[in-house]
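Commentary on secondary and tertiary structure
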Amino acid sequence: MIRAHLTRSAKGEVLQLLSRDEREKLRLAEMAEREAKLLKGAASRLFEYDDGEMDNYQSYGGSSAQTVMFDAEGEWYVYSVSFYGSEYGSRHDHEAVNGDVYILDANLRVISRTSFPYSLLTYKKAWVEVPTLPTKVSGKFYVAIHAHSEQYKGLYVGYDEDVEESHSRVARVSRRKFTLLPPKKKLEWMIRVKVADT
């Protein structure tokens with residue numbers, strides 16, 4: 001397999017291959033530039049329930065997805081979803097294996113789906129941001145991370161246990177139909193959503 005890595009040269013000259021940390025810094029800078037162009041002065045908000053400190057993490061295999069319910073309190077457009085997690089396993093191509101971010105309406109109907117490669121993550125727990133197509137939401141909506149995890153490959157998603165009220169569920173996914181189940185204990189998945197008003 002041949003893999004290409006970005007170099008420090010805008011002209012594509014091979015001066016020095018970038019390390020994974022350098023590529024991550026470049027990716028974050030590109031995300032910030034993309035966000036500024038996308039918003040164009042529009043008001044934005046961050047929906048979050050966790051306190052930013054991971055208490056533990058979990059992976060759900062097969063047809064299960066970690067899901068959080070949000071309340072937009074009006075009309076907004078989701079343009080980015082973040083989650084705190086990592087990948088596991090080494091028997092797969094990190095560039096070729098994908099997870100999915102689903103945005104669902106209050107009735108659990110799929111509004112949008114965005115696939116992302118496992119290569120966005122590392123084996124170290126960290127925030128991962130997945131840009132989505134601008135997706136209109138109003139009132140209650142759900143965001144689900146479907147990692148398609150298996151025994152030898154998958155994603156961990158962190159969670160916060162210090163919560164008074166949980167907005168988090170586990171969803172069973174079958175042919176794009178979602179059925180919500182409560183997690184085994186009260187927790188909040190570390191999943192966040194950025195929205196804009198236009």
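Here, the structure is the one placed above.
Residues numbered from 1 in each chain as written. Predicted model: local features only at pLDDT ≥ 70, side-chain atom pairs only at ≥ 80, totals over all residues. Heavy atoms only, no water.

**A short note on the overall build of the protein chain**
In plain terms, the rule: By the criteria applied, helices consist of DSSP H or I runs no shorter than four residues and strands consist of E runs no shorter than two, each listed in order from the N terminus. By the convention used here, residues are in contact when the closest approach between their heavy atoms is within 4.5 Å. Here the Shrake-Rupley method, with its probe set to 1.4 Å, supplies the accessible areas, and only the displayed protein chains count as covering residues.
Of the regular secondary structure elements, the protein chain holds one helix and 11 strands. Reading the protein chain from its N end, one meets helices and strands in the order α-β-β-β-β-β-β-β-β-β-β-β. Long-range pairs, those at least 24 residues apart, make up 78% of the contacts in the protein chain between residues at least 6 apart in sequence. With the model as given, the accessible surface of the protein chain reaches about 11,200 Å², and the carbon-plus-sulfur share is 49%.

**Quick word on the nonpolar core**
Note the following rule: The definition of a nonpolar core used throughout is a set of buried Ala, Val, Leu, Ile, Met, Phe, Trp, Tyr and Cys residues joined through side-chain atoms within 4.5 Å. Partly exposed residues are those whose accessible area sits between 20% and 50% of the maximum for their type, while under 20% is buried and over 50% is exposed, using a 1.4 Å probe and protein chains only.
Counting 31 residues, the largest nonpolar core has Phe83, Phe141, Trp189, Ile191 and Val193 as its most contacted members. At the level of elements, strand E3 (64–88), strand E4 (98–105), strand E6 (126–146), strand E7 (154–160) and strand E11 (191–196) are the ones that each hand at least two residues to this core. Per-element accounting of this core gives the leading share, seven residues, to E3. Beyond its immediate sequence surroundings of up to four residues, Val193 is in contact with Arg45, Leu46, Phe47, Phe70, Val78, Ser80, Val81, Phe141 and Val143. By size, the runner-up hydrophobic cluster in this structure holds 10 residues, among which are Leu108, Ala144, Ala171 and Phe178.

**A look at the pairing of strand E5 (residues 110–117)**
Rules: Any two strands between which DSSP finds at least two bridges are classified as paired.
Taken together, the seven bridges between E4 and E5 define a ladder with antiparallel strand orientation. In the sheet register, Asn98 faces E5, and the bridge partner there is Pro117. Connecting E4 to the antiparallel partner E5 that follows it, the hairpin turn spans four residues, and Leu108 within it adopts a positive phi of roughly 65 degrees.

**A short note on the packing of aromatic side chains**
Put simply, the rule reads: Side-chain rings of Phe, Tyr and Trp (the six-membered ring for Trp) are treated as a pair once their centres are within 6.5 Å; stacked means planes under 30 degrees apart, edge-to-face means over 60, and tilted covers the remaining angles. Counted as over-ring charges are cases with an Arg CZ or a Lys NZ within 6 Å of the ring centre that also lie within 35 degrees of the ring normal.
Following the criterion strictly, the structure yields 11 aromatic pairs and no others. Relative to Phe178, the ring of Tyr102 lies with its centre 5.0 Å away and its plane at 70 degrees, an arrangement referred to as edge-to-face. Taken together, the residues span a long stretch of sequence, with Tyr102 in strand E4 and Phe178 in strand E9 (residues 177–181) at a distance of 76 residues. Among the aromatic side chains, those forming a connected cluster through ring pairs are Phe47, Tyr49, Phe70 and Phe141. The ring centre of Tyr57 lies 3.9 Å from the NZ or CZ of Lys125, which sits over that ring.

**Thoughts on the side chain of Ser168**
Our working rule: N or O atoms within 3.5 Å of each other form a polar contact, as long as, within protein, one can give a hydrogen and the other can take it, and as long as residues adjacent in sequence are counted only when both atoms are side-chain atoms.
Its location among the elements puts Ser168 in strand E8 (residues 168–174). Within the local environment of Ser168, its side chain forms a polar contact with the side chain of Glu188, the two groups lying 2.6 Å apart. From its side chain, Ser168 meets the backbone nitrogen of Trp189 in a polar contact 2.9 Å long. Beyond its immediate sequence surroundings of up to four residues, Ser168 is in contact with Thr67, Val68, Pro183, Leu187, Glu188 and Trp189.

**Some points on unusual backbone geometry**
Within the chain, Leu108 stands out as a residue other than glycine whose phi angle is a positive 65 degrees. As for its placement among the helices and strands, Leu108 is situated in the loop between E4 and E5.

**Section: the pairing of E4**
Burial runs high along E4: seven of the eight residues are buried. Bridge analysis of E4 against E6 gives six bridges, and the strand direction is antiparallel. Residue pairing in the sheet places Asp105 in a bridge with Phe141 of E6.

**Comments concerning the pattern of salt bridges**
The criterion, for reference: Any carboxyl oxygen of Asp or Glu within 4 Å of a side-chain nitrogen of Lys or Arg constitutes a salt bridge here.
Within the structure shown, the criterion is met by eight salt bridges. Residue Glu129 is joined to Lys194 by a salt bridge in which the shortest nitrogen-to-oxygen separation is 3.3 Å. Taken together, the positions of Glu129 in strand E6 and Lys194 in strand E11 put the pair 65 residues apart, joining distant regions of the chain. You can call Lys194 partly exposed: its relative accessible area is 21%. Residues joined by salt bridges that share partners form a network here, namely Glu48, Asp50 and Arg192.

**Looking at the side chain of Asp50**
Checked against the element boundaries, Asp50 lands in the loop between strand E1 (44–47) and strand E2 (56–58). Of the residues examined, Asp50 reaches a relative accessible area of 7% and is grouped as buried. Of note is the side chain of Asp50, whose polar atom sits 2.9 Å from the backbone nitrogen of Gly52. A polar contact of 2.6 Å, which involves the side chain of Asp50, links it to the side chain of Arg192.

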